[in-house]
Structure formats: structure tokens, C-alpha cells
Amino acid sequence: MSNALVPLPVVLPLFAAGIKLAIGPRLARTQRGITVGVLALIVVIAAVLVHQTDAHGPQTMRPGGWPVPIAVVLVVDRLSALILLISSVITLAVVVYAIGQGSADKDEATPLAVFHPAYLALVAGVSDAFVAGDLFNLYVGFEILLTASYVLITLGGTGARVRAGMTYIVVSLVSSMIFLIAVGLCYAATGTLTMAQLAGRLDALPDGVRLILQLTLLVAFGIKAAVFPLSAWLPDSYPTTPAPVTAVFAGLLTKVGVYAMIRIQTLLFPGDRLGTLLLVAAALTMLIGVLGAVAQTDIKRMLSFTLVSHIGYMVFGVGLATVAGLAGAIFYVAHHITVQTTLFLVTGLIERRGGSTSLTRLGGLARVAPALAVLFFVPAMNLAGIPPLSGFLGKLGLIQAGIAAGTAGAYAMVGVALLTSLLTLYAICWVWNRAFWGERRQVPEPGQVIEGRRGIGGTAITAAVPPPAMTGPAWALVAFATAFTVAAGPMVDYTRRAAAELLARAPYIAAVLPS
Amino acid sequence: MSGTAVALLVAIAALVSCGVFLILERSLTRIILGVILLGNGVNLFILAAGGPPGGAPLLGVTPVPQMGDPLPQVMVLTAIVITLALVAFLLSLVHRGRQLTGDDEVRDDEEDRRVIARAEREMAWGRIAEETARVRRIEAERGRRAGRRARRELRAAVREERREIRRRLRAEWERQMAADDPDRAIDTTMEEDTR
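No experiment lies behind these values; they were computed from the predicted model shown.

The rules behind the values
- Residues numbered from 1 in each chain as written.
- Chains lettered and ligands numbered in written order.
- Predicted model: local features only at pLDDT ≥ 70, side-chain atom pairs only at ≥ 80, totals over all residues.
- Heavy atoms only, no water.
- Helix = DSSP H or I, 4+ residues; strand = E, 2+ residues; numbered from the N terminus.
- Buried < 20%, exposed > 50% of the residue type's maximum accessible area, 1.4 Å probe, protein only.
- Areas by Shrake-Rupley, 256 points an atom, 1.4 Å probe, with all protein chains shown as cover.
- Phe/Tyr/Trp six-rings, centres within 6.5 Å; stacked < 30°, edge-to-face > 60°.
- Lys NZ or Arg CZ within 6 Å of the ring centre and 35° of its normal.
- UniProt positions renumbered as here; feature names shortened; annotations may be inferred.

**Observations regarding the overall build of chain B**
Inference 1: Across its full length, chain B carries five helices and zero strands.
Inference 2: In chain B, the succession of helices and strands from N to C terminus is α-α-α-α-α.
Inference 3: Going through the 195 residues of chain B one by one, you find that 28% of them count as buried.
Inference 4: Roughly 13000 Å² of accessible area belongs to chain B as shown, and the carbon and sulfur atoms make up 60% of that amount.

**Some remarks on the packing of aromatic side chains**
Inference 1: Here the structure, examined in full by the defined rule, presents 19 aromatic pairs over all chains.
Inference 2: With a centroid separation of 5.5 Å and an interplanar angle of 40 degrees, the aromatic rings of Phe136(A) and Tyr139(A) are classed as tilted. Note that Phe136(A) and Tyr139(A) are positioned in helix α5 (residues 135-153) at a spacing of three residues, about one turn of the helix. Taken as a pair, Phe136(A) and Tyr139(A) share a single burial class, namely buried.
Inference 3: Ring plane angle 25 degrees and centroid distance 5.8 Å describe the contact between Phe142(A) and Phe221(A), whose orientation is recorded as stacked. In this pair, Phe142(A) is assigned in helix α5 and Phe221(A) in helix α8 (residues 207-225), connecting sequence segments 79 residues apart.
Inference 4: Among the aromatic side chains, those forming a connected cluster through ring pairs are Tyr150(A), Tyr168(A), Trp233(A), Tyr238(A), Phe249(A) and Phe89(B).
Inference 5: Taking the ring centre of Phe142(A) as reference, the NZ or CZ of Lys224(A) above it sits at 4.7 Å.
Inference 6: In this arrangement the basic side chain of Lys395(A) is found over the ring face of Tyr313(A), its NZ or CZ atom lying 5.2 Å from the centre.

**Details of the UniProt feature "transmembrane region" (unreviewed entry) in chain B**
Inference 1: What UniProt calls "transmembrane region" (unreviewed entry) maps, in this numbering, to residues 6-24, 31-51 and 71-94 of chain B.
Inference 2: Secondary structure content for residues 31-51 of chain B is 90% helix and 0% strand, while the C-alpha to C-alpha distance between its ends is 31 Å.

Below, the structure is given as C-alpha cells:
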């Protein structure tokens, strides 16, 4: 069934980015209005799509009206609709924060001329990856979001960002090449790239060929999702970027990789072959990530390592390949996008108030800025998985799925997941003790320039009490994450239905290829 | 297997292997060359994936059974455009990197640098420990008099080693600070322009 809403999350931000590139840094207020307006509209569209896919099954759109193997078909099912909704909410919050930061830094020209268009292109690429019903379109979506992220990670061209950007770009390029090779292999083996058609034709291939295709795709997505041993690029490249960019990268980009993994593991290569491999990778990702986090002395680096570590939870769910496991993974994706973004935004606020993100220099912030302390405490406890927050519910779902699976590997994973959660709590508590409790150390005077940190356009940051335009989005995201707890029942039911739909395959294929 | 297919296969193998070799280099300029070669290799691969060659896929020009598959060509076209844009971006990054640090090297990450510094320190202390053992041996074998000179040499060597470590740390730190300072970078650009 054709639905005109499906392409809008891709088309609207691209269109807005084009307008912005055309007018440059002029008409500041109108431009901000366009960005916020477009992103808010996408939230509404995504919410409608969630409702429609839940009520009427997967929604499709064939641009140009061509029949399916020719048209580059766009598909939204329950999984992509939910992730689209969560990602559009956080992109909206982050852009409001970025606008607040721009006006706080008196640095508005660069953000408007470069940050906004690149950010909108990033949103378009992320949406395109979520709605792609075609393997090559998925590649194009990845390229759009990666190219935009190259611009965002080297924004301002400061030394640290160029250094970190080089590693990030080279690694991403290699992963794109591997993905492109996989696309070519799939086409050579089956003569189609439409995923619904691939699903039928791949089943008929010899086992060895299928294994090569699956492994190539998993390696490509594993680099993007930062699954160990393909994760070393992440903790070094994320911390140097400005707070809003780190927040949206940490929240979204790795999850696009996880989404692609879920998609190919359920639609293209059903059954739990390579499930054991994924479980081992998940366990190593969790442990090595969290051990890295425990050893850090900088909040941003510590959070980047926990990001890697918690990707392991989602891969755990995917590796189980049961309804409960996938439902847990989908819930965890939704939870983790929100909480990781919030934490990086709050770290930006800490940097502005405390003058640093280094744990050797911060101290006693709870007394200086009690509101900021609450703002950090709630998402931090959420990340560690303290009940009744959504992190607890997500981990509970995955652990129940692991116990229900009942194999020795699944039980081992449950143990690793619990240990990781405990170590995350340890790392978070350490940050809390050092930065918020203890004696008050040097908190910079308002107006003092913060050394070694740069704003969006590469200008210096001055210490100040963060304006409401920056704290507001952070509070909104904390409230949004708390809403997961309040609406946990319906949400878990929804993720179960999404997982059942993914494993059944038939609804997706029938929606794309009506016989 | 036809002659064209074998020729394509050889070309793909050559391009991809050269590309992978160049991507493993330190210099970003070489990495860019590697990306170009690898990209072209992969594009040829997709073309080869399209099956045997045929006529132009236009209705009325070629009979339908003799048409070539147009889809791989469309995909390759997209991939070429993407590679072109990325190469342009990488070149600007090389230029910026050269402005900031004087070369286009892809640096080690922070954790690696920390590990390297620790290893260097341990190696230096290892050398000193060896030297100390040697001096003790000389003392034991040839008496205090000969030992005293060796001991003096050892002290000088330790001082030199310490100075060397400190110098290296300071140079690294200064390079970092300079690279993180956009104002200084802009100055060097202007110098270059006037030169």
C-alpha cells in the first residue's frame, strides 16, 4: 500500500539543507525557524507512521510509480517507524541545544552556514537508511550521513578535530568500500538488490555463497556500529567534536549500523546461523568497552567507551534471533539513542559550567550547580540500569530473553551483561564522586575562556551558567527517557509485535511485492 | 570465461590490491590515492557483476535479449560521484593538516600515544638497569678504582636519558598545543600566502 508520508523524512531535510546553502549566513532567524520547523514536522510524520504501521502493516512508496524491481522502493515497518520517531525527537532536541550554544558563544555565522546544512543532510541520510527497501539505497543513505558527519567532525578545522577526523574518515571509507563490495556480490549472486526480492532468492543460493555475503555485510555494518574488534576508531574520534555533534553522533550513527544488522539478520539471512559469532562479538564488545570506560579520566572519553560497551547489548539481542531477544534489542536501541544523547549534551553543559570535562580538574559541582547535578544523575543512572528507569527495563528484557533461550552461550551472555551493567555503574559513580561530590575545586568565573575546548565553529568557549536554550533540550530529553518508563507496557508490546513481524518476514515481503 | 571477463578480473585484482596497500600507509595523500584505486576496483567489480556485455539498453536500438544490464552502470555512476566528492573533501583535509602540523600524517590515537610513551620510558629504565649491572660487575672484577669511572659515565648516561625523554614529551606537548590553536594556524596560512 503506497503512502506519500514515507519519503518525507528524507526529502524535507534535504530540501531545507539546499535552501540554507543558497542563503548562507543571512536571515538568521528565518533559518533557525526552518531548521526547527522541518525537524518538528518529521517528528509528527514519524509519529503518524508509527501509528499507521502498527495498525495497517508496513507502508511502502515507489517513487515514480514504477513496478517494484525497477523502482527504488521505500519501506517503513514497525521497527523503522519506531527508530525514526526516536531519532527525529533527539535530532530536534539537539538542534535546539546547538542554536542555544551558538548564541551563547556569540558564534552564529559558521553554525548557520555550515553546521545547519550539514546537520540536515545527516538527518536525511539517517532517515534514508531507515526507510531504504533496497540494498543500494541503504548504501546511499549511509554515504549521505557519513559525508555529512565528515563535515561535522572536522567543523572549524582545529588541530584536534582534524587529527581525530582523519582516523574517522579513513575507517568509514574502508567500511563503505566493504559495503559496496557486498552490494556487488549480492547483485552478482541474485540479480536484484530490492531486499524483499533478495529475501526469497538468497534462500536458494548455495550455503557457502550465502555465508560470504552475510559475513561481508556484517563486517561493513559492524564497523559502523562499533562492534569489537571493529570499534577502536570510536572512542578516539567522538570526544573532540562540539557537544551537540558528539551527542547526535553517539546517539544515532552507531544505531544506524545496529539497525542495518537487525534488518539483514532477520530479512535476508533468517535463522540463527552466525548467531554464536554475534554472541561472542557482543560479549567482547561489552567487556572491552566497559573496561576501557573504567580506565578513563575524561567524561567524554568515558562516555564514548560506555557507548561501545552498550552496543554489545543490542548485538546480544540480535544474536539470540528470538522474538524476545529482538524485542529487547529494539527497546534497547530506543532507550540507548535517547540516554546517550542526553549524557553528551549534559557533558557539554558541565564543560561550560565547570570549565573542563577532565575528572582530575572537576570537583564539587553538585553544590555549585545542583540542577546540573540532577540533569547528569538521572540519565547516568538510566545508563547504568537502575530501576525503574528505561535502562533497567531494556536490560531486563534482554536478560529474560537470554534465560528463555536456555543455551549455555545465552546463559554466559546473561552473566556478561550483568557484569557490564555493574561496571557501568562503577564508572558512572566514579564520575559522580569526582565531578559532583567532594570539595569544590576551581570553577571558572563567568566570562573566563575555557582552555583547549572549542565551540561549534571552532571559536573559544567562555565559562558561563548555561542559558535555558541549552538546558531546556537536555531537560526535555530526560523527560522523554522517563516517559519510556511510564509507557513501558505499550512500548514493550510494540517492540514484541515489531520483532514478530521481522521474524515472520511475510508481512514485509507482501507489502513490497503484492502478488 | 570470456576474454573480457578475465581482463576485468585481472584489472580488479590489481586495483584492489594496490588500493589496500596504499590505504595502510601513514600519509593521508597516499591513503587518498589508495581510496581512488580501491574505489575504481570496486566499481569495475560491480560492472563485472552485471554479467556478460550487451548492446545499448535502448528500446528500438537493441533487441531486448541482446541488451546489456543497465543497472550496474547506474550504480557505478552513483559510486563514482560519491568517491569524487570524498576525494575532494580528503584533499582539503590534507591541506588543513599540513597547515596545522606541517605534514599530512594520520596520527596515533591518544591511547596509543600513552602506551608508546610508557613503553619508551620502560625501555629507557631497562637500559639504565643493564648499565648499572655492568658497572657493578666491573667494580667486582677490577676493584673500586676502575668502577668509579664507569659509575661516573653511568650517571651522565642517566641524566642524558632523562633529558631526552623530557625533551620528547615537551616537543609532543607543544606540537599538540600548537595544533589545537586555530589562531596560530590562521597565522601560518597568511605567511604562506605572502610567501
